[in-house]
Amino acid sequence: MAQPKAVGFFVLDKETLARALTRMAHEILEKNKGAGDLCIVGIRKRGVYIAARLAGYIKKIEGAEIPVGTLDVTLYRDDLGLAEFQPAVHKTEINFDITDKNIILVDDVLFTGRTIRAALDALIDLGRPKTIQLAVLIDRGHRELPIRPDYVGKNIPTSQKQSVAVRLEESDGVDEVLIVEKAE
Amino acid sequence: MWVKKDLLGLDDLTKEEIEFILATAESFKEVSSRSIKKVPALRGKTVVNLFYEPSTRTRVSFEVAAKRLSADVINISTETSSVRKGETLIDTGRNIQALNTDIIVIRHNCSGAALMLARHVDICVVNAGDGWHEHPTQALLDIFTLKEKFGKIDGLKVSIVGDIAHSRVARSNIWGLTKLGAKVTVCAPEMLIPVGIEQMNVRVTNDINDALKDADAVNVLRMQFERDAGGAFPKQLEYFKNFGITKERLKNAKKDIMIMHPGPLNRGVEIASDVADGDNSVILEQVTNGIAVRMAVLFLVAQARDKNSN
C-alpha cells in the first residue's frame, strides 16, 4: 500500500490499537482454551509486526512463549504478472512444524480475501495444521472470496474509493490507522 | 527490480540487477528445505531445456528448479532431435515457441547463440552456457555461495585458477564479481590466459602460490581437454604438478580459504581429492545453491515477460 499523506480520518490511535490487540489476544486464548499448540504466523509485511505484538500480549496474559513465524505469499498470489508493480519475493520463515498446531494467521487489513487465500495455500504446503484461524487488525469489507476472520480489531465499512492506511511503529514510526480517500 | 525477459549474461547486467537476483534466490532457498518442495509460482508455464552440448549438472539443476516452481519441463538434447537433420537454431527456437512454451534454457557451443535466439523469439531465453562466452547462472551461484559465507562481495579477494581462455564460467564470474566490488585474480599457464584479459579489471599471474596467498576464495576451473584443438594444453600430470590445488600448496593460503569448483571434477588434475572433499570445500553447497539461483532466474524472467505483455 502506498503511503498517502495524512488526509483522512483516524480510526485507531496508539491507545485504541493497543486495546484492540489486547482484546484479540484474550479472545484467541479463550477460544483455544489456553496457549498450548498455538502458533502465530504473520503475513509480510505488517502482519508480521502485529503477530509479534499478539504473541507479546499472550505471553503477558498467559506466561507462555508461543512460536511466531513469517509468511511471504508472493509466490502464491493469483495476480502474478497482472499486478502493476512487481512484488519482490521475500523469505518465509517458519522454523517450527505446523502439523497438528492451531495456527493464528495474522494480517493488518482484510479486504478482498485474496491474500488470505494465497496464505492458506502457502501454509498447507508446509504441513497439516489442526486449525487455521484468521486474525486481522482491520476488516474493511468488499470480499471477493468466501473468507471471514475469527478475530477482528475493528470493523470499518469503507467504499472502494477509500483505502485503509495502517501504520505501525516497527515500520512507520507511529501507531495509527486512517481511512484515506484515494486520488481520482 | 527486474524487467528483462531474458538472462543472457552478467556483462549486460547492472550491479543492482545482479543483487536483485541474489536477494530473490535467498528467498527461494528455503523452498528446497520444505517437506513439500514446491511453490505454484510458475504453474501452467512450460520450460524447454535445449542443450546442444552435453551437461548433467546444469540441465538437471534447471529441471529441478523449474519443477519446484510447478512449471512443466521438456528436455531436448540435440543428439536425438531434428537438429541432426540440419534444422537451424532459429528454426528450432521458433518451433519451440509455436508450441506455446514460455522459457527456453539454452546451452550451445557457439558464443552468442543465446543472444541470437533471444532476438528471434518472444519467449524468455536463459543462457545456460554459450561457447567460451558466458555461463551466467553458474557465476550467480558462485557469487551467491561467496555472499552466503562472507556476507558481502565488496572487497573480497577471489582467485580463478585454470583454463581461463576457454572458460565461460571465468568470464561470467569476472564480470559479476568485479561489478560487485571483488578483487579478482586469474591464474593459469601463459598459454591459457587470453590476450587483453587485464582490461576486465583482473590481476593476472602464472604463479599458483601467488594466486592462493591472500585469496579469500579460489574458484578452481575444470581443465577442458575436449576444447584443446591446437596442443596449447599441458599434459594432465604436468598441470597438476604446476597448478593443481593441493593440501601442501594451501599451507601458505588463508586458513579458511573457500574452495570452489563448478564441476565436473577432474580429481588429481586441477584439484587433489583431499582438497575437493576437505573442510574448506563448498563444491556441493554450490550445487544446492544452484537450484535457488535458477529458481530465482526462471521466476524473474517469466514475471517480466508476463508484465511486458499486459
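Structural data are supplied above this passage.
Read on for an overview of the structure. Chains are numbered independently. Their residues run from 1 in the order of the written sequence. Throughout, the order in which chains and ligands are written sets their labels, letters from A for the former and numbers from 1 for the latter. This being a predicted model, a pLDDT of at least 70 is required before a residue's local features are given, and a value of 80 or more before pairs of side-chain atoms are given or counted; all residues contribute to the totals for chains, interfaces and linings.

Helix and strand assignments come from DSSP, with helices taken as H or I runs of at least 4 residues and strands as E runs of at least 2, each series counted from the N terminus. Across its full length, chain A holds four helices and eight strands. Taken from N to C terminus, the helices and strands of chain A fall in the order β-α-β-α-β-β-α-β-β-β-α-β. Our radius of gyration looks at C-alpha atoms and nothing else; its globule reference is 2.2 Å times the residue count to the power 0.38. Against the compact-globule benchmark of 16 Å for 184 residues, chain A has a radius of gyration of 16 Å, which places it among compact chains. On the principal axes, the C-alpha backbone points of chain A span a range of 50 × 40 × 30 Å.

Now for the packing of helix 2 (residues 57-68) of chain B against helix 11 (residues 283-309) of chain B. All names here are of chain B. Throughout, an axis means a line fitted to C-alpha atoms (over the contacting stretch in the case of helices), and angles, computed between N-to-C directions, take values from 0 to 180 degrees. One can describe the packing of helix 2 onto helix 11 by two numbers: an axis separation of 8 Å at closest approach and a directional angle of 55 degrees. By the angle between their axes, helix 2 is oblique relative to helix 11. Here helix 2 and helix 11 pass one another in a crossing that is right-handed. Across from Arg57, Ser61, Phe62, Val64, Ala65, Ala66 and Arg68 in helix 2, the residues of helix 11 making contact are Val287, Gly290, Ile291, Arg294, Met295 and Leu298. Throughout, the ten residues Ala, Val, Leu, Ile, Met, Phe, Trp, Tyr, Cys and Pro are labelled nonpolar, Asp, Glu, Lys and Arg are labelled charged, and all others, Gly among them, are labelled polar. Broken down by class, the residue content of the contact of helix 2 with helix 11 amounts to eight nonpolar, two polar and three charged. Throughout, the term roughly parallel applies to angles under 35 degrees, roughly antiparallel to angles over 145, roughly perpendicular to angles from 65 to 115, and oblique to all others. Crossing handedness is read from the near helix: turned anticlockwise from the far helix by less than a right angle, it gives a left-handed crossing, and turned clockwise, a right-handed one. By the criterion used throughout, residues are in contact when their C-beta atoms, derived from the backbone, lie within 7 Å.

Let us look at the environment of Arg59(B). Here Arg59(B) lies in helix 2. Excluding anything up to four places from it in sequence, Arg59(B) contacts Asn49(B), Phe51(B) and Asn75(B).

Our focus in this paragraph is the sheet that holds strand 5 (residues 131-139) of chain A. Remark on secondary structure: sheet strands pair via backbone hydrogen bonds, oriented parallel or antiparallel. All names here are of chain A. Pairing in this open sheet of five strands is parallel, and the strands run 3-2-4-5-6 from one edge to the other. Among the strands making up the open sheet, the edge pair consists of strand 3 (68-71) and strand 6 (151-155). Direction aside, neighbouring strands of the sheet carry axes that sit 25 degrees apart on average. Strand pairing is defined by DSSP finding a minimum of two bridges between the two strands. With four bridges connecting them, strand 5 and strand 6 associate as parallel partners. From the neighbouring strand, Asp139 faces strand 6, where its bridge partner is Asn155. Those strands touched by helix 3 (residues 114-124) are strand 2 (38-43), strand 3, strand 4 (102-110) and strand 5, and its axis lies near 155 degrees from that of strand 4.

Our focus in this paragraph is the nonpolar core. Of all hydrophobic cores here, the largest spans 150 residues; its most connected members are Leu54(A), Ile103(B), Ile104(B), Val161(B) and Leu298(B). If you tally residues by element for this core, the top one is helix 11 of chain B, at 12 residues. Where each domain begins and ends follows an automated or database-derived domain assignment. Residue assignment places this core across two domains, with domain 1 (15-135 + 290-309) and domain 2 (138-286) of chain B each supplying three or more. Discounting chain neighbours no more than four positions away, the residues touching Ile104(B) are Val48(B), Leu50(B), Gly93(B), Ile96(B), Leu117(B), Val121(B), Ile123(B) and Val125(B). In these notes, a nonpolar core means any group of buried Ala, Val, Leu, Ile, Met, Phe, Trp, Tyr and Cys residues linked to one another through C-beta atoms within 7 Å. To sort residues by burial, count the other C-beta atoms lying within 10 Å of each one's C-beta; a count of 20 or more means buried, 12 or fewer means exposed, and anything in between means partly exposed. C-beta atoms are built from the backbone.

What follows concerns helix 5 (residues 136-150) of chain B. Residue and element names in this part refer to chain B. Take the number of residues in a helix, subtract one, and multiply by 1.5 Å to get its expected span. End to end, helix 5 covers 21 Å across 15 residues, agreeing with the expected 21 Å (1.5 Å per residue, within 8%). In terms of burial, helix 5 is largely enclosed, as 11 of its 15 residues are buried. Taken together, the buried positions of helix 5 are occupied by Pro136, Thr137, Gln138, Ala139, Leu140, Leu141, Asp142, Ile143, Phe144, Thr145 and Leu146. Considering only its buried residues, helix 5 is in contact with helix 1 (15-29), strand 4 (124-130), helix 6 (168-179), strand 8 (217-220), strand 9 (258-260) and helix 11. Of the residues trailing helix 5, Gly151 is marked for its positive phi of about 85 degrees.

A separate point is unusual backbone geometry. Between Arg44(A) and Lys45(A) the backbone carries a cis peptide bond, its omega angle lying at 10 degrees. By the secondary structure assignment, Lys45(A) is in the loop between strand 2 and helix 2 (46-62). Here the amide bond leading from Gly263(B) into Pro264(B) is cis, since omega sits at -10 degrees, within 30 degrees of zero. Located in the positive-phi region is Asp37(A), a residue other than glycine, with phi close to 60 degrees. For Asp37(A), the position within the fold is in the loop between helix 1 (14-31) and strand 2. Positioned with a positive phi, Asn100(B) is a non-glycine residue whose angle comes to about 60 degrees. Position of Asn100(B) relative to the elements: it lies in the loop between helix 3 (89-98) and strand 3 (103-108).

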